[in-house]
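This is what each chain is made of:
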Amino acid sequence: MIDKLQACVASSEKLGAQFVEARYDNLTLRTLNRTNDVWKDIILRSRAGVGITCYHDGVSGYSFTASTAKRDLDEAAKRAFKMAKAAAPAASLKLDFDQRPAIKSKASDTFRVKIHPRTKDLEYKTELVNRALEAARETGKEIQTVMTWYGELFGQKLFTNSDGATLDWEFLVIDLYCRVTSKTKSGDLVNGVERAGGCRGMELFSTKGSTPEDVGRATGANATEQLKAKACPAGEFRALVENRLAGVLAHESFGHLSEADFIVIGMSPITGKIGERLGTEHTTIIDEGKPDIAKYGGLWIPYDDQGTPASETVVLDKGILKQYLHSRGTAKHLKAEPSGNCRAVHYAFVPIPRMTNTYFRPGDLTEEEALENLGTGVYAIQTAGGQVEGDGSFLFKAIRGYWVEKGEIQHPLREVSLSGNILQFLNKVEGCTKDLLLTGGYFGGCGKDGQYPLPCGLGGPKMVVRDVRFGGKA
Amino acid sequence: MEYEKIKDTLLAEVDSGLKFARSLDSAAEFEIYLLYRHRSSVDISQGKVKANDGIVAGTAVRVAKDQCVSFSSSSGISVDRIKLSVREAVSSLKAVSVKDERFQGFLDPKRQGREGAFATEILGISTEDLVSAAKQLAEDARSAGEKIMAQAECGVDWGGFAIGNSRGVQRASTSADNFCQVYAMARKGDERRGAYTYDVTRERVFNIEGLGEQATKEAVSLLGAKKLDVTAEMPTLWIPKAATSYILASLAQSASGRAVVEGVSPIAERLGDKIADSGFTVLDDGQNPASLGTQAVDHEGHPQGKTPIIQKGKLKSFLFDSYYSRVYETDSTGNCSRGGGPFGATLPFESSPGITPTSLEVVQGSKSQEELISSIDGKAVMIVDMPAGIFHSDVATGEFSAVATCVFLIEDGEKRGAIQPVSVSGSFYKGFEQLREVGSDIERTPWGVTIPSLVFDGFTIVG
């Protein structure tokens, strides 16, 4: 297939393209879902396609096709060049970049696991779902619904370009996700959620804390606890933000603002603020394509979809803005180095600056010390996602939490939402715990410019923050 | 593939795919779905141009035998890719025997519904047209104010799908639409406020006139926002764009037959009950020619229909596909979708059949937006855009908490200035019960909802 991609590059150059990138994804995606006693989904997806980017006068044109027939590839190459050529006169901001030495991938670029999901049959995977679901449903009589999913995504990613790069590596992510809905005595429905996954082999599900039984029991316990949970009071309180929620804050609220496509057009509120203090000394945010997965978790992304090798980008260093997340074009424009962040969800999308694994660097507190520092406020745990606006306004959902007084947990809270402006939030971080946890899975993912869901890793330590706005009951 | 040939071409391929499938297992039931869509768009952001053009094409196959069902999809609609999907689905079915006791077979043949409106001019829109319109739109926004940043996008999407199964369903549907949208960001010191306008239609070629200026005007009006500095329950006025998000995050989820049958819809057991103010009526109309979601058939071949969900406050019906309608012992409402909904998937063929509304329509009330504002005593909040985080609400609990970033204060019946982002939270369903007014300012939004402004009591505002 790489020779077909190289032919696309050559034919586009012949048309007049100044630089060409061609990539081929051949991915397998499997989703299994059982809801109570019913198997809802036994799904297998074969996602293969070619994406071609042609650059002309600092402007890109993108086309794609699911076909690998020469005629269709030629047509896609023509369309990509035609789009670039037609769009170039309208562009006042050109994102040219320099040619670089050709990069070749190595066998070690593919993350190796002990038991690859492709080596396990379907029955083995349905049994994982069964085990988690049965363990969850044994945790309470109030349970209304147990839904359990297994997901896996793996396969080959090929890339070449006008530099002569030749990349061939495999992506991998697995996920076991459980959700319990229980009914309170007053008839309200409450949820519990847990999951295990990431760029891991199937051996993960034999590891303590990540077995299907562990996942199911923990989910059920979370739902059971929610039965007696109270609504979060509305207002501003001190907060202890748990690792997974800290990851969403790093990703959604700050990571997106540091993506350089927003920077070059001036729409990010952190445009032109390199070197400025944006947070307290406890706030260091890193984006990294190849984290220590065995130790912390996360995803393995050795190259982006523009062929740039992964790097460790310190975006915010002890509160000082250091770098943005770049494509080749934005890096050249802002006199920086490409950071390996130009990614696409799949072949039908043009690569754009995105995150890989984004996290807050840990601090030196224990959890007990963090609770003590919190004093009175909300301990917000797990995440149901979040959203950030162009001005830095954000909202994040914690699936559950606790009301804490004088460092002691008082009672559980139902789903809580945290909101505010990220640039103010970062200046309110008072400390971080020493534990780092990265998560990333098959279910969910990052959305930007209609590209959803892109698998991303995220995480951090637990963080003590003052004056956080909580939505709740007045 | 030419637009006129899509139906026949895809139906022929579905037919040959079904023949191949039967040759593998004559005792199994098969369903084959093929999708072909051409998508083209140009985005201009502060002079940076992105231009995309490609073909989304894919195959989805379901196989059922002895109440075991499997699903396989593959990108591409070539004979090889269709055969691959069939083989994979058969292979999955053989590999594991997990019964779905509720499964009663694929859809039986039904009549064909009516296609939506279609302006042939849409097919003639060129790359140059899109570039020119996006450039003008961005320029219109920029020149309508000082220190304005603008992002404009124009695009065309046309194509169709075909569906066939072993029970004799053989249906196809085509559609075309086009859109333009512009986002303007106004700046004053460190303050940045944004607003967007759009024109999304299938009845004609999009019209950019006035959109840039309007977006800029709205963005500028949000500058100088003051802090509300209040934590209290107060009335909220949701203008059509914001009200759209309220309906999509609540009823579009909980009225789904899937949520009802699976026990995660808070309104599952309330059919016939009064669950909203009597001034509130909402229906799903998949046969309104002007609606973007209108197709002759849904994604399993059932004609799209018109379903009342809430009528004068009473819960009348849920939305169903054939699977959940049979479990619920009712008829399908023609709401089977694949990767559907207002923010639909890019590769819809990869999604197994689900249930989504086609076109939600809230019946308008009698008061204009100005009259709604003047009818409010004391303080209230006017929400003019989709609050951030509203789609992260949980269907089961019905509770929501979101941040409204484009907000105005209403005080003693008058619209005051913009206020800084506020958190708004409460229960969607208590909200319907506490719905105070339904406006007459009805608007068709790009997310498949036709809706006027809504005024609710009882939500908590933290500002």
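All values reported here derive from a predicted model rather than from experimental measurement.

Quick look at the overall build of chain B now. The helix and strand tally for chain B stands at ten helices and 22 strands. The C-alpha atoms of chain B give a radius of gyration of 24 Å, which matches the 23 Å a tight globule of 463 residues would have. Expressed as lengths along the three principal axes of its C-alpha atoms, the size of chain B is roughly 70 × 55 × 35 Å. Taking all 463 residues of chain B together, the buried fraction comes to 64%. Partitioning the intrachain contacts of chain B with sequence separation of at least 6 by distance along the chain shows that 73% fall at a separation of at least 24. Within the structure as shown, chain B displays about 16200 Å² of accessible surface, and the carbon and sulfur contribution to it stands at 45%. Each charge class in chain B was averaged separately, 50 positive and 62 negative side chains, and the resulting centres sit 2 Å apart.

Scanning chain A from N- to C-terminus turns up ten helices and 25 strands. Overall, chain A is about 70 × 55 × 35 Å in size when its C-alpha atoms are taken along their principal axes. Counting every position in chain A, which comprises 474 residues, the buried fraction comes to 65%. Here the contacts in chain A between residues at least 6 apart in sequence split such that 74% fall between residues at least 24 apart. In the structure as shown, chain A presents an accessible area of about 16500 Å², 48% of it carried by carbon and sulfur atoms.

This part takes up the interface of chain A and chain B. Every contact between the two is made by 82 residues of chain A and, on the other side, 81 residues of chain B. Here chain A and chain B share an interface that buries about 6400 Å² over both sides, 54% of which is from carbon and sulfur atoms. Viewed at the interface, chain B and chain A are joined by six salt bridges. Put simply, Asp 53 of chain B and Arg 79 of chain A hold a salt bridge, and the shortest N to O gap is 3.0 Å. At the boundary of chain A with chain B, the tally comes to 30 residue pairs in polar contact (both at pLDDT 80 or more). Ranked by the residues each element gives to the side of chain A that touches chain B, the list is headed by strand 2 (residues 38–56) of chain A, at eleven residues. Bridging between strand 3 (residues 59–65) of chain A and strand 2 (residues 48–65) of chain B involves five bridges; their strand directions are parallel. The residue bridging Gly 61 of chain A from the neighbouring strand is Ala 51 of chain B, located in strand 2 of chain B.

Residues and elements named next belong to chain B. Its location among the elements puts Gln 287 in the loop between strand 8 (282–285) and strand 9 (306–311). In this structure Gln 287 comes out as buried when scored by relative accessible area, which is 14%. From its side chain, Gln 287 meets the backbone oxygen of Gln 295 in a polar contact 3.1 Å long. Setting aside residues up to four positions removed in sequence, Gln 287 forms contacts with Gly 113, Arg 114, Thr 294, Gln 295, Gln 304 and Gly 305.

Below, the discussion takes up the pattern of salt bridges. According to the stated counting rule, one finds 57 salt bridges over all chains in the structure shown. With its nearest N and O atoms 3.1 Å apart, the salt bridge here joins Lys 125 of chain A to Glu 152 of chain A. Here Glu 152 of chain A lies in strand 4 (residues 143–161) and Lys 125 of chain A lies in helix 3 (residues 122–137), a separation of 27 residues in the sequence. With respect to burial, Lys 125 of chain A and Glu 152 of chain A carry one shared label: buried. Of the charged contacts in the structure, one is a salt bridge between Glu 139 of chain B and Arg 142 of chain B, with a shortest N-O distance of 3.3 Å. Of this pair, Glu 139 of chain B and Arg 142 of chain B both sit in helix 3 (residues 127–142), three residues apart, which is roughly one turn of that helix. Here the salt bridges share partners, and the residues they tie into one network are Arg 23, Asp 25, Lys 157 and Asp 305 of chain A.

For Lys 40 of chain A, the position within the fold is in strand 2. Lys 40 of chain A gets classed as buried once you look at its relative accessible area, which sits at 14%. Each C-alpha atom, one on Lys 40 of chain A and one on Thr 148 of chain A, is 10.0 Å from the other, the two residues being 108 residues apart in sequence. Here Lys 40 of chain A is in contact with Asn 33, Arg 34 and Thr 35 of chain A together with Asp 100, Arg 102, Arg 258, Glu 262, Tyr 323 and Tyr 324 of chain B, once residues within four sequence places are set aside. A polar contact is formed between the side chain of Lys 40 of chain A and the side chain of Tyr 324 of chain B, at a distance of 3.2 Å.

Turning to the nonpolar core, a few remarks are in order. One finds Val 42 and Val 86 of chain B to be the most contacted residues of the largest nonpolar core, which totals 63 residues. Membership of the second largest hydrophobic core comes to 61 residues, among which are Ala 64, Phe 106, Met 234 and Phe 432 of chain B.

To continue, consider the environment of Leu 299 of chain A. Looking at where Leu 299 of chain A falls in the secondary structure, it is placed in the loop between helix 7 (293–296) and strand 9 (312–317). For Leu 299 of chain A and Arg 217 of chain A, which are 82 residues apart along the polypeptide, the C-alpha to C-alpha distance reads 25 Å.

Okay, the sheet that holds strand 9 of chain A next. All names here are of chain A. With mixed pairing, six strands are arranged side by side in an open sheet as 10-9-8-13-24-21. Taken across any chain shown, the strands that pair with only one partner, and hence form the sheet edges, are strand 10 (320–321) and strand 21 (437–439). Where helix 5 (residues 243–255) meets the sheet, it contacts strand 8 (285–288), strand 9, strand 10, strand 13 (357–360), strand 21 and strand 24 (457–460), and its direction lies at approximately 120 degrees from that of strand 24.

Residue and element names in this part refer to chain A. Burial along strand 13 is two-sided: the face carrying Asn 357 and Tyr 359 and the face carrying Thr 358 and Phe 360 are both buried. In this sheet, strand 13 lies alongside strand 8 in antiparallel orientation, the contact comprising four bridges. Across the sheet, residue Glu 288 finds its bridge partner in strand 13, namely Asn 357. The pairing of strand 13 with strand 24 spans three bridges and is parallel. Opposite Tyr 359, over in strand 24, you have Gly 459 as the bridge partner.

With that settled, the discussion passes to the confidence of the model for chain B. Considering every residue of chain B, the mean pLDDT works out to 94; 100% of them sit at 70 or more. Complex prediction metrics read pTM 0.91 and ipTM 0.90.

Glancing now at the sheet that holds strand 8 of chain B. Residue and element names in this part refer to chain B. Taken in spatial order, the six strands line up as 10-9-8-13-21-20 in an open sheet, and their pairing is mixed. Across the chains shown, the open sheet's two edge strands, defined by having one partner strand only, are strand 10 (314–315) and strand 20 (443–445). Examined bridge by bridge, strand 8 and strand 13 (residues 360–362) share three bridges and lie antiparallel to one another. Its bridge partner lying in strand 13, Asp 284 is registered against Leu 360.

Across the chain, the bulk of peptide bonds are trans and the bulk of non-glycine residues have phi less than zero. Geometrically, the link from Tyr 452 of chain A to Pro 453 of chain A is a cis peptide bond, its omega value of 0 degrees lying close to zero. Following the sequence through the fold, Pro 453 of chain A ends up in strand 23 (residues 451–454). Positive phi values are uncommon outside glycine, yet Asp 57 of chain A reaches one of about 55 degrees. When its relative accessible area of 37% is taken as the criterion, Asp 57 of chain A is described as partly exposed. The backbone phi angle of Glu 329 of chain B is positive, close to 60 degrees, even though this residue is not glycine. Looking at where Glu 329 of chain B falls in the secondary structure, it is placed in the loop between helix 8 (322–327) and strand 11 (336–337). Glu 329 of chain B gets classed as exposed once you look at its relative accessible area, which sits at 74%.

What follows covers the side chain of Glu 153 of chain B. Residues and elements named next belong to chain B. Its place among the elements puts Glu 153 in strand 4 (residues 148–165). The side chain of Glu 153 sits in the buried core without any salt bridge; Lys 50 is the nearest counter-charge, 7.2 Å away. Among residues more than four places away in sequence, those in contact with Glu 153 are Ser 41, Val 42, Asp 43, Phe 179, Cys 180 and Gln 181.

Another point: the pairing of strand 16 (residues 393–398) of chain A. Residues and elements named next belong to chain A. Most of strand 16 sits inside the fold, with six of its six residues counted as buried. As paired elements, strand 15 (residues 386–388) and strand 16 share three bridges and run antiparallel to each other. Bridge pairing in strand 16 links Gln 387 to Leu 395. The loop that links strand 15 with its antiparallel partner strand 16 comprises four residues; one of these, Gly 392, has a positive phi angle of about 95 degrees. Bridging between strand 16 and strand 19 (residues 416–421) involves six bridges; their strand directions are antiparallel. Across the sheet, the residue bridging to Ser 393 is Asn 421, located in strand 19.

Okay, the domain arrangement of chain B next. Residues and elements named next belong to chain B. Under the domain assignment, chain B is made up of domain 1 (3–221) and domain 2 (231–462). Computed from C-alpha coordinates alone, the two centres of domain 1 and domain 2 are separated by 23 Å. Facing the 50 residues of domain 1 at the interface are 46 residues of domain 2. Roughly 3700 Å² is buried in total at the junction of domain 1 and domain 2, and carbon and sulfur atoms are behind 54% of that figure. In this structure, the connection of domain 1 to domain 2 is made through three salt bridges.

Thresholds applied
- Residues numbered from 1 in each chain as written.
- Chains lettered and ligands numbered in written order.
- Predicted model: local features only at pLDDT ≥ 70, side-chain atom pairs only at ≥ 80, totals over all residues.
- Heavy atoms only, no water.
- Helix = DSSP H or I, 4+ residues; strand = E, 2+ residues; numbered from the N terminus.
- Rg over C-alpha atoms; globule rule 2.2 N^0.38 Å.
- Buried < 20%, exposed > 50% of the residue type's maximum accessible area, 1.4 Å probe, protein only.
- Contact = heavy atoms within 4.5 Å.
- Areas by Shrake-Rupley, 256 points an atom, 1.4 Å probe, with all protein chains shown as cover.
- Lys, Arg positive; Asp, Glu negative; His and termini not counted.
- Charge placed at Lys NZ, Arg CZ, Asp CG, Glu CD.
- Buried area = accessible area lost by both parts, 1.4 Å probe.
- Salt bridge = Lys/Arg side-chain N within 4 Å of Asp/Glu carboxyl O.
- Polar contact = N/O pair within 3.5 Å; in protein donor to acceptor, adjacent residues only side chain to side chain.
- Pairing = 2+ DSSP bridges.
- Core = buried A, V, L, I, M, F, W, Y, C linked by side-chain atoms within 4.5 Å.
- Axes fitted to C-alpha atoms, helices over the stretch in contact; angles between N-to-C directions.
- pLDDT = per-residue confidence, 0-100.
- Domains from an automatic or database assignment.

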